[in-house]
Amino acid sequence: MVTFRPTATCLAVRHRHEILTVQAWGADSVRVRAAQYRIPAESHGALGTPPPSTPPAIDVAEDHATFVHGDLTVAVHFDRAAAYPEPLLTFTRTSTGTELLAESREHFWMPGARVFHGNRSGAYEVHQQFAAHPGERLYGMGQRTHGRLDLKGLALDLVQRNGEVSIPFVLSDRGYGMLWNNPALGRVEFAENATRWQAGQTREIDYWLTAAPTPAEILARYADATGHAPELPHWASGFWQSKLRYRDQDELLAVAREHRRRGLPLSVIAADYFHWPAMGDHRFDESEWPDPKAMVDELAAMGVELMVSIWPTVSPLAEHFATYRDRGLLVGTDQGVEFHQTIQDKHMAAPMPVAFYDPTNPETRAYVWDLVRQGYRDLGIKVFWLDACEPELNPAHPANLALYAGPGAEVAGIYPRDNARLFAEAMAAEGEPTVLLCRSAWAGAQKYGAAVWSGDIPATWQSLQQQIRAGLGVAVSGIPWWTTDIGGFHGGDARDPAYRELMIRWFQFGVFCPLFRLHGDREPRTPTSYAQSGGPNEVWSYGDEAYGIISGLLHLRERLRPYIHRQMRTAARTGLPPMRPLFLDHPDDPRAWQTDDEFLFGPDILVAPVALPGQRSRQVYLPAGTRWTDAATGEVHDGGTTVEAAAPIDRIPVFTREGADVPLAAGEEAHA
């Protein structure tokens, strides 16, 4: 027997011990939750208050119910003839009747489409299975290193790792977007025979689904549901200089002064890790940074912001460690002591265990910000680099964490989001916009100004190829602010001609990324410790030919900044990211859904990166529906065609949409 209970905005379905709810959650969108006995009162997912929408039309019969909400219809069917019947959901587009997504049973006998395996704690291992469709294309899921844009056929872990950012939102070419609104450790399989979501330990199944009419509108609905990014501060659109690492105040200031002497644009420069007395102190080590206020003021006079690296780690040698520990502000453990990483910090003769603060605890957020305010904010610093914020565990056992929000197995995914929240809410209270450079994120992190970078990636051509797809994947996942370590992080010798070519090509890609940032641990490298500092990584470090090309790209970025801010305003308003796959603007062009090695930067610039050594031309697909102008030659081409574009070492193929006013050439004026 099944029971249907409709309300004004929700349909509740009961069968045996399971309660299933379908609730209107924004235009053309629903939130589906399922649990044993009762829906949990507390959720740590990304869905807060439902966005405004018209009331759904709910119709109930004995074994069937329909929930019509705009262009999304949810049908609930209970087949009494099944050996073990259960209510099954099918999602269709109201206007056409086209099936978008449908539950399917794991086995015709049992288990069903929604599976709960208890673990004697009140939590469950859960499975949610849907029917698969041959040829379906799937995009999003955060940032990955598999080098694919289309996720069909892949199995993905739902866990945060360095370079692997888990944001469980997927966009389908069948016309829907879906958020798995569950931060538990788990897995998703986009297989040929089924799509299956799994959480190893959780209290419920919880997901959100939209049937907006276009991919761009799907992302708009997703932003409405999980939060809109703020507008990018003006200073953040320029060039960011960084290396691992500037060891003291004089070294950092010398680089900023050299930029000014050479007339090179510079917006942000970074003080990387180990600038502190000990992890968790959140201030400068006076022996290396004797007058940080004077440093910040001198940089400000040059129009440069100082970004400081803040790790969530707390050393047992930190001056406030006992307070963290005794007030319960550290991440706990299911088993063992409260240390989850080892590193050789200041005053350590060898690597020692360090703890992590717990940003899911509001008291921790207040306490950490008070230290940050005293150590950095009061100096005028407003840019924070939230490194290792997965958090980076050693050993990598996130299920062993015990957080204020719950067991690590159930909530570990939200750690980077709530870490960004700590800083964003405090800066917002001061009325000061910021950018938080984060190595990880979860759904909703965009509303806290989280700018994701792709982590500690290799300095290789293969890595560059992977970054193109990684950036597009994270853009489809709701994060409009993204960047890479230009040149890769691990390695690269500034004296090597082969590496110089890679650096040039990476810069040519990076100038068209939402954030434009150089970073890396160059040769000669030293082991990780407080004494660490890699080789030179300034734009003049790579020889005269590279310098001539790279310096020109810095000036190109300056010309593009008004255009970039127009795109960032659009992102804040509509959720449409500035760097995006072709299909977001050209959904009716089948080739646009298949192209994964080029992208649009805003609506008017098409970028085709070069990611192979020695390559001096490449094929470029020009999306249908408009004509495109080669920015280098002025030649005009029809859309819907593939051209062979020249790619000499000093440029990559870039095309502009017909009628666009984009200042790509030197001497052209930018218009706000």
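Because the structure is predicted, anything quoted here is derived from the model rather than measured.

A. Examining the overall build of the chain more closely. Along its length, the chain carries 11 helices and 40 strands. In summary, the chain has a C-alpha radius of gyration of 25 Å against a globular reference of 26 Å for 672 residues, a match within 12%. Along the first, second and third principal axes, the C-alpha set of the chain runs to 80 × 65 × 40 Å. Here the chain has roughly 23700 Å² of accessible surface; of this, 49% comes from carbon and sulfur atoms. Counting 61 positive and 82 negative side-chain charges, the chain places the averaged centre of each group 1 Å from the other.

B. Structural context of helix 10 (residues 543–574). Bending of helix 10 peaks at approximately 50° at the position of Leu560, with proline Pro562 no more than four residues after it. With its phi angle positive at about 85°, Gly575 sits one or two positions after the end of helix 10.

C. Structural view of the packing of helix 8 (residues 461–476) against helix 9 (residues 497–510). Their axes nearest at 11 Å, the elements helix 8 and helix 9 cross at an angle of 5°. Relative to helix 9, helix 8 is oriented roughly parallel. On the side of helix 8, the interface is formed by Trp461, Ser463, Leu464, Gln467 and Ile468, while helix 9 contributes Glu501, Leu502, Arg505, Trp506 and Phe509. Its residues placed into classes, the contact of helix 8 with helix 9 shows six nonpolar, two polar and two charged.

D. Inspection of the packing of aromatic side chains at higher detail. Evaluated as defined, the whole model comprises 32 aromatic pairs. Ring centres 6.3 Å apart and planes at 75° place the aromatic pair Phe108 and Trp109 in the edge-to-face group. Considering the side-chain rings of Phe284 and Trp289, the 5.4 Å spacing of their centres and the 45° angle between planes classify their relative orientation as tilted. An aromatic cluster of three or more residues is present, and its members are Tyr273, Phe274, Trp276 and Trp311. One cation-aromatic arrangement involves Arg31 over Trp25; the distance from NZ or CZ to the ring centre is 4.9 Å.

E. Here's a closer look at the nonpolar core. Core analysis: the largest hydrophobic core is formed by 162 residues, its most contacted members being Phe284, Leu306, Phe384, Phe423, Phe507, Phe512 and Ile605. Ranked by the residues each element gives to this core, the list is headed by helix 10, at 11 residues. Those residues within four positions of Ile605 in sequence are excluded, and the remaining contacts are Phe512, Leu560, Tyr563, Phe599, Leu600, Val654, Phe655, Val662 and Leu664. Within the second largest apolar cluster, 43 residues are counted, among which are Phe4, Ala34, Val76 and Phe116.

F. Structural view of empty space enclosed by the protein. If you walk through the whole model with that rule in mind, you get six cavities of 30 Å³ or more. Estimated volume of the largest cavity: approximately 70 Å³. Leu219, Tyr222, Ala223, Thr226, Gly227, His228, Ala229, Gln446, Gly478, Pro480, Ala571 and Gly575 are the residues that line the largest cavity. Here the lining of the largest cavity takes four residues from helix 1 (residues 215–226), the largest share from any one element. Its residues placed into classes, the lining of the largest cavity shows six nonpolar, six polar and no charged.

G. Main features of the sheet that holds strand 37 (residues 627–630). Reading across the sheet, the six strands line up as 33-34-35-40-37-38 and stay open at both edges, with antiparallel pairing between neighbours. The sheet terminates laterally at strand 33 (579–580) and strand 38 (636–638), the two strands that pair on one side only. Relative to strand 38, strand 37 is paired through three bridges, and the arrangement is antiparallel. Across the sheet, residue Trp628 finds its bridge partner in strand 38, namely His637.

H. Examining the pattern of salt bridges more closely. For the coordinates displayed, the defined rule picks out 53 salt bridges. Salt-bridge contacts for Arg283 lead to Glu319; the nearest nitrogen and oxygen are separated by 2.8 Å. With Arg283 in the loop between strand 20 (268–271) and helix 3 (292–301) and Glu319 in the loop between strand 22 (313–314) and helix 4 (321–326), the pair connects residues that are 36 residues apart, well separated along the chain. For Glu319, a relative accessible area of 46% gives the class partly exposed. For Asp456, the salt bridge goes to Arg439, with nearest N and O atoms at 3.3 Å. Linking Asp456 in the loop between strand 30 (450–453) and helix 8 with Arg439 in the loop between strand 29 (436–438) and strand 30, this pair joins segments that are 17 residues apart in sequence. Residue classification places Arg439 among the buried positions, given a relative accessible area of 2%. One connected set of salt bridges, linked through shared partners, spans Glu106, Asp157, Arg161, Arg187, Glu189 and Arg196.

I. Spatial organisation of the environment of Ala660. Position of Ala660 relative to the elements: it lies in the segment after strand 40 (654–657). For Ala660, a relative accessible area of 28% gives the class partly exposed.

J. Representation of the pairing of strand 40. Every second residue of strand 40 is oriented toward a common face, with Val654 and Thr656 on one face and Phe655 and Arg657 on the other, all of them buried. The pairing of strand 37 with strand 40 spans three bridges and is classified as antiparallel. Opposite Trp628, over in strand 40, you have Arg657 as the bridge partner.

K. Molecular detail of the sheet that holds strand 14 (residues 169–172). Across the sheet, eight strands lie side by side as 1-2-3-4-18-15-14-12; this open sheet has antiparallel pairing. The two strands at the open ends of the sheet, each matched to only one other strand, are strand 1 (3–6) and strand 12 (138–140). Sheet twist, expressed as the average angle between the axes of neighbouring strands with direction ignored, equals 20°. Where strand 2 (residues 10–15) and strand 3 (residues 18–24) come together, six bridges link them in antiparallel fashion. Counted as the bridge partner of His15 is Glu18 from strand 3. Helix 1 contacts strand 4 (29–36), strand 14, strand 15 (176–180) and strand 18 (205–210) of the sheet and is inclined by roughly 155° relative to strand 14.

L. Spatial organisation of unusual backbone geometry. With an omega dihedral of -15°, the bond running from Leu244 to Arg245 counts as a cis peptide bond. By the element assignment, Arg245 lies in the loop between strand 19 (239–241) and helix 2 (249–262). The linkage connecting Glu390 with the following residue, Pro391, adopts the cis geometry, with an omega of 0°. For Pro391, the location among the structural elements is in the loop between strand 26 (383–386) and strand 27 (401–403). Despite not being glycine, Asp28 has its phi angle at roughly 55°, a positive value.

About the thresholds
- Residues numbered from 1 in each chain as written.
- Predicted model: local features only at pLDDT ≥ 70, side-chain atom pairs only at ≥ 80, totals over all residues.
- Heavy atoms only, no water.
- Helix = DSSP H or I, 4+ residues; strand = E, 2+ residues; numbered from the N terminus.
- Rg over C-alpha atoms; globule rule 2.2 N^0.38 Å.
- Areas by Shrake-Rupley, 256 points an atom, 1.4 Å probe, with all protein chains shown as cover.
- Lys, Arg positive; Asp, Glu negative; His and termini not counted.
- Charge placed at Lys NZ, Arg CZ, Asp CG, Glu CD.
- Bend = angle between axes of the 7 residues up to and from the residue.
- Axes fitted to C-alpha atoms, helices over the stretch in contact; angles between N-to-C directions.
- Parallel < 35°, antiparallel > 145°, perpendicular 65-115°, else oblique.
- Contact = heavy atoms within 4.5 Å.
- Nonpolar A, V, L, I, M, F, W, Y, C, P; charged D, E, K, R; others polar.
- Phe/Tyr/Trp six-rings, centres within 6.5 Å; stacked < 30°, edge-to-face > 60°.
- Lys NZ or Arg CZ within 6 Å of the ring centre and 35° of its normal.
- Core = buried A, V, L, I, M, F, W, Y, C linked by side-chain atoms within 4.5 Å.
- Buried < 20%, exposed > 50% of the residue type's maximum accessible area, 1.4 Å probe, protein only.
- 1 Å grid on protein atoms, 1.4 Å probe; cavity = no way out; pocket = protein on both sides within 12 Å on 5 of 7 lines; lining within 4 Å.
- Points joined across faces, edges and corners; volume = space filled by probe spheres on them.
- Pairing = 2+ DSSP bridges.
- Salt bridge = Lys/Arg side-chain N within 4 Å of Asp/Glu carboxyl O.

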